[in-house]
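Coordinates in review
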Amino acid sequence: MNPVNVDRDMLTTYLEEDSDYQEHPYRVYLNRGNGELLSIYEDEEEVENMFGLSAEETRNLRREVENNPEVYLEFPVPGHAQWHEWFQEFLEQRDRSEEYFGSIGGWIKQYASEEDYRDWENFKPSCVVRYAIEIATAAGVKIKIV
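Report follows, based on the coordinates. The shown structure was predicted, so the numbers you read here are calculated from the model rather than taken from an experiment.

Before going further, it helps to examine the packing of aromatic side chains. Under the criterion given, the structure shown has 14 aromatic pairs. Look at Phe87 and Tyr100: their rings are 6.2 Å apart centre to centre, the planes differ by 50°, and that puts the pair in the tilted class. With Phe87 in helix 4 (residues 80-93) and Tyr100 in the loop between helix 4 and helix 5 (104-110), the pair connects residues that are 13 residues apart, well separated along the chain. Residue classification places Phe87 among the buried residues on the basis of a relative accessible area of 0%. For Tyr100, a relative accessible area of 24% corresponds to the partly exposed category. Among the aromatic residues, those joined into a cluster by ring pairs are Trp83, Trp86, Phe87, Phe90, Tyr100, Trp107, Trp120, Phe123 and Tyr131. Above the plane of the ring of Trp83 lies Lys124, whose end atom (NZ or CZ) is 5.8 Å from the centre.

Here is the structure:
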């Protein structure tokens, strides 16, 4: 089976969220055949009011995904605990584990220089890519991030 190409920018845009703190919660799905990523907002009425996306179109897209689970693979938006695991990994790679005290924002305020903050922001996409590859692999889907 050939790998499905997945757009890195779209992937990181959709998944660099914290599902526990999303203002407008959505779900992300990969079309296993063509690599297209879909985001489907949970509250279609709110999204229609906020972003002008048709509530009917959102409902139809949701039905399409629900009725075709063999076509669509969900990439759950990472939760807060996952981000903290990745953040601890980030600090460990820099031999700064002792600075972790349970708050990413607190670390940024207390310890991070501008360079540290930039490094953390640059580290996050690699976590998201790795996460997506793990999910796809576990589902038997080969993806290539492009």
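The rest of the description comes next.
Further remarks concern a nonpolar patch on the surface. Where nonpolar side chains cluster on the molecular surface, the patch consists of Met50, Phe51 and Leu53 and spans about 290 Å² of accessible area. Structurally, Phe51 can be placed in helix 2 (residues 44-51). A relative accessible area of 43% means that Phe51 is categorised as partly exposed.

Quick look at the environment of Leu15 now. By the element assignment, Leu15 lies in helix 1 (residues 8-15). Judged by its relative accessible area of 0%, Leu15 falls in the buried class. For the pair Leu15 and Tyr131, spaced 116 residues apart in sequence, the C-alpha to C-alpha distance is 9.4 Å. Residue contacts for Leu15: discarding those within four places in its chain leaves Val28, Phe75, Pro76, Val77, Pro78, Trp83, Val128 and Tyr131.

This part is about the pattern of salt bridges. One pass over the structure, following the stated rule, counts eight salt bridges. Close ionic contact of Arg96 with Glu99 constitutes a salt bridge, the shortest N to O distance being 3.0 Å. Assessed through its relative accessible area of 11%, Glu99 is described here as buried. Among the charged side chains, a salt-bridge network with shared partners connects Arg27, Glu42 and Glu74.

Leu11, Leu15, Val28, Leu30, Leu37, Phe75 and Ile143 are the most contacted members of the largest nonpolar core, which totals 32 residues. Those elements that place two or more of their residues in this core are helix 1, strand 2 (26-31), strand 3 (37-41), strand 4 (72-75), helix 4, helix 5, helix 6 (114-138) and strand 5 (143-145). In terms of residue count, helix 6 provides more of this core than any other element does, nine residues in total. Setting aside residues up to four positions removed in sequence, Leu37 forms contacts with Val6, Asp7, Met10, Leu11, Tyr14, Val28, Tyr29, Leu30 and Phe75. With five residues, the next largest nonpolar core counts Leu38, Ile40, Val65 and Tyr72 among its residues.

Parameters at a glance
Residues numbered from 1 in each chain as written. Predicted model: local features only at pLDDT ≥ 70, side-chain atom pairs only at ≥ 80, totals over all residues. Heavy atoms only, no water. Phe/Tyr/Trp six-rings, centres within 6.5 Å; stacked < 30°, edge-to-face > 60°. Helix = DSSP H or I, 4+ residues; strand = E, 2+ residues; numbered from the N terminus. Buried < 20%, exposed > 50% of the residue type's maximum accessible area, 1.4 Å probe, protein only. Lys NZ or Arg CZ within 6 Å of the ring centre and 35° of its normal. Patch = residues over 30% accessible without salt bridge, like charges linked within 9 Å, V, L, I, M, F, W, Y side chains within 5 Å. Areas by Shrake-Rupley, 256 points an atom, 1.4 Å probe, with all protein chains shown as cover. Salt bridge = Lys/Arg side-chain N within 4 Å of Asp/Glu carboxyl O. Contact = heavy atoms within 4.5 Å. Core = buried A, V, L, I, M, F, W, Y, C linked by side-chain atoms within 4.5 Å.

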